[in-house]
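What follows is the residue order along each chain.
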Amino acid sequence: MWHPPLAFPVELVSLLRGASNLVALTGAGVSQESGLRTFRDAQAGLWAQYRPEDLASPEAFRRDPKLVWDWYAWRREAVKGVRPNPGHYALAEMETHIPGFTLITQNVDGLHRMAGNQNVLELHGNIQRVRCADCYTFAETWEDDTESVPKCRECGGLLRPDVVWFGEALPRVQLEAAVEAARSCEVFFSIGTSGVVQPAASLAFAAHNRGAAVIEINAEPTPLTPKADYVFHGKSGEILPRLVEAAWG
Ligand code: APR
């Protein structure tokens, strides 16, 4: 699909063309144009009565495991019918032009890998993966029933989504790799994230403090906006393809 190039600053285009280490941090906004609600969008249907923060936590799972399991089953179904959008594909193309490209995502929908990105760090896990809450054994299949949460075949513990809940630690290997990439990159993109959840939100500032050029692409201002070197307010699915076109078209 051809896009008329937007008027991007010449120095930004040459910065991208010359970059060897680039980080792209993404949030739910990147998947919004694929039809997925952002994390702080209102929930739909029967889940509208709940705030995500009240379901995505170990306490909620302890209190009512079936409610939390059913919410993630609903979200897995919602993701199944969803495809990457032009913003995802633009990031996959960008990776082919940058030797040291790292995509750090807070999203759990798996759309970046589906679009073709290789070096993806899933800081908050992946909703399509299911594991045991006790022994961490992954489950490819499970016995669904309407009354209770499926059990682990290894230890009998409750199964849960392999995502990071509020109050839980992020996966250490992915987080350390993300911090290292942010500290050593020349260019740092923050795309489709409100920048309010730590530690992901601190990565852009770590890059900025090491002298990286910070580029924000988001539908609205965030706490990062005043620090960013370039800010594009709008839809990532429209801006990213044009930026990739302008740099490597
Ligand atoms: N293009 C660009 N930005 C968009 C688009 C779009 N099409 N649609 C929405 N946005 C912006 C919104 O303006 C918002 O600032 O994307 C951002 C999404 O912010 P959140 O909904 O807070 O999602 P996110 O930043 O990913 O949340 C981070 O918080 O709740 C936890 O674990 C959860 O991973 C999530 C984390």
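Residues numbered from 1 in each chain as written. Predicted model: local features only at pLDDT ≥ 70, side-chain atom pairs only at ≥ 80, totals over all residues. Heavy atoms only, no water.

### A word on the layout of surface pockets
As a volume, the second largest pocket reaches approximately 360 Å³. In terms of lining residues, the second largest pocket is bounded by 18 residues, among which Gly125, Arg131, Asp162, Val164 and Pro171 are the most central. Those elements that provide at least two residues to the lining of the second largest pocket are strand 3 (120-122), strand 4 (125-132) and strand 6 (159-163). A breakdown of the residues in the lining of the second largest pocket according to their chemical character gives 9 nonpolar, 2 polar and 7 charged. (1 Å grid on protein atoms, 1.4 Å probe; cavity = no way out; pocket = protein on both sides within 12 Å on 5 of 7 lines; lining within 4 Å. Points joined across faces, edges and corners; volume = space filled by probe spheres on them. Helix = DSSP H or I, 4+ residues; strand = E, 2+ residues; numbered from the N terminus. Nonpolar A, V, L, I, M, F, W, Y, C, P; charged D, E, K, R; others polar.)

### Digging into unusual backbone geometry
Omega for the bond connecting glutamine 198 with proline 199 falls within 30 degrees of zero, at 0 degrees, which places this linkage in the cis form. Position of proline 199 among the secondary structure elements: in the loop between strand 7 (187-191) and helix 9 (200-209). Positive phi, close to 65 degrees, is recorded for tyrosine 136, a residue that is not glycine. Summarising the element assignment, tyrosine 136 is placed in the loop between strand 4 and strand 5 (138-139).

### Overview of the pattern of salt bridges
What the rule picks out here adds up to 11 salt bridges. Between arginine 129 and glutamate 122 there is a salt bridge, with its nearest N and O atoms 3.3 Å apart. A relative accessible area of 8% means that glutamate 122 is categorised as buried. Here arginine 160 makes a salt bridge to glutamate 168, at a shortest N to O gap of 2.8 Å. On the basis of relative accessibility, which here comes to 25%, the residue glutamate 168 falls in the partly exposed class. Several salt bridges converge on common partners, so that one network encompasses Arg113, Glu122, Arg129, Arg131 and Asp162. (Salt bridge = Lys/Arg side-chain N within 4 Å of Asp/Glu carboxyl O. Buried < 20%, exposed > 50% of the residue type's maximum accessible area, 1.4 Å probe, protein only.)

### Topic: the sheet that holds strand 5
An order of 5-4-6 is seen for the 3 strands of this open sheet, with the pairing classed as antiparallel. If you trace the sheet from one side to the other, it starts and ends with strand 5 and strand 6, each paired once. In this structure, strand 4 lies alongside strand 6, joined through 5 bridges in antiparallel fashion. Note on strand 6: the bridge partner recorded for glycine 125 is valine 163. The strands that helix 5 (residues 65-80) touches are strand 4 and strand 6; relative to strand 4, the one it contacts most, it runs at about 135 degrees. (Pairing = 2+ DSSP bridges. Contact = heavy atoms within 4.5 Å. Axes fitted to C-alpha atoms, helices over the stretch in contact; angles between N-to-C directions.)

### Details of the side chain of histidine 88
Secondary-structure assignment places histidine 88 in helix 6 (residues 86-97). The exposure class assigned to histidine 88 is buried, which follows from its relative accessible area of 0%. If near-sequence neighbours (up to four positions away) are discounted, histidine 88 is found in contact with Val30, Ser31, Ser34, Leu111, His112, Ala115 and Asn117.

### Observations concerning the domain arrangement of the chain
Each domain of the chain was delimited in the assignment, giving domain 1 (1-35 + 83-124 + 170-249) and domain 2 (37-81 + 130-163). In this structure, domain 1 and domain 2 have C-alpha centres spaced 28 Å apart. Contact with domain 1, which involves 11 residues of that partner, is made by 10 residues of domain 2. Here domain 1 and domain 2 share an interface that buries about 670 Å² over both sides, 58% of which is from carbon and sulfur atoms. Broken down residue by residue, the surface that domain 1 buries against domain 2 is led by Ala28, Arg83 and Val108, which jointly contribute 42%. Summed over the shared surface of domain 1 and domain 2, the result is 0 salt bridges. (Domains from an automatic or database assignment. Buried area = accessible area lost by both parts, 1.4 Å probe.)

### Quick notes on the environment of arginine 129
Along the chain, the position of arginine 129 falls in strand 4. Arginine 129 sits in the partly exposed class, given a relative accessible area of 32%. Each C-alpha atom of the pair arginine 129 and glutamate 176 lies 21 Å from the other, and the pair is 47 residues apart in sequence. Here arginine 129 is in contact with Glu122, Phe138, Arg160, Pro161 and Asp162, once residues within four sequence places are set aside.

### Description of empty space enclosed by the protein
Applying the stated criterion across every chain, the model contains 2 cavities of 30 Å³ or more. Considering only enclosed or pocket space, the largest cavity measures out at about 70 Å³ in volume. In terms of lining, the largest cavity is formed by 13 residues, of which the most central are Ser190, Thr193, Gly195, Ala201 and Leu224. Of the residues forming the lining of the largest cavity, the biggest block, 4 residues, is contributed by helix 9. Each residue belonging to the lining of the largest cavity can be placed in one class, and the counts come to 7 nonpolar, 5 polar and 1 charged. The space that makes up the second largest cavity amounts to roughly 40 Å³. Lining the second largest cavity are Thr105, Asn107, Asp109, Gly110, Leu111, His112, Arg113, Val120 and Glu122. Those elements giving two or more residues to the lining of the second largest cavity turn out to be helix 7 (111-115) and strand 3. Tallying contributions element by element places helix 7 first for the lining of the second largest cavity, with 3 residues.

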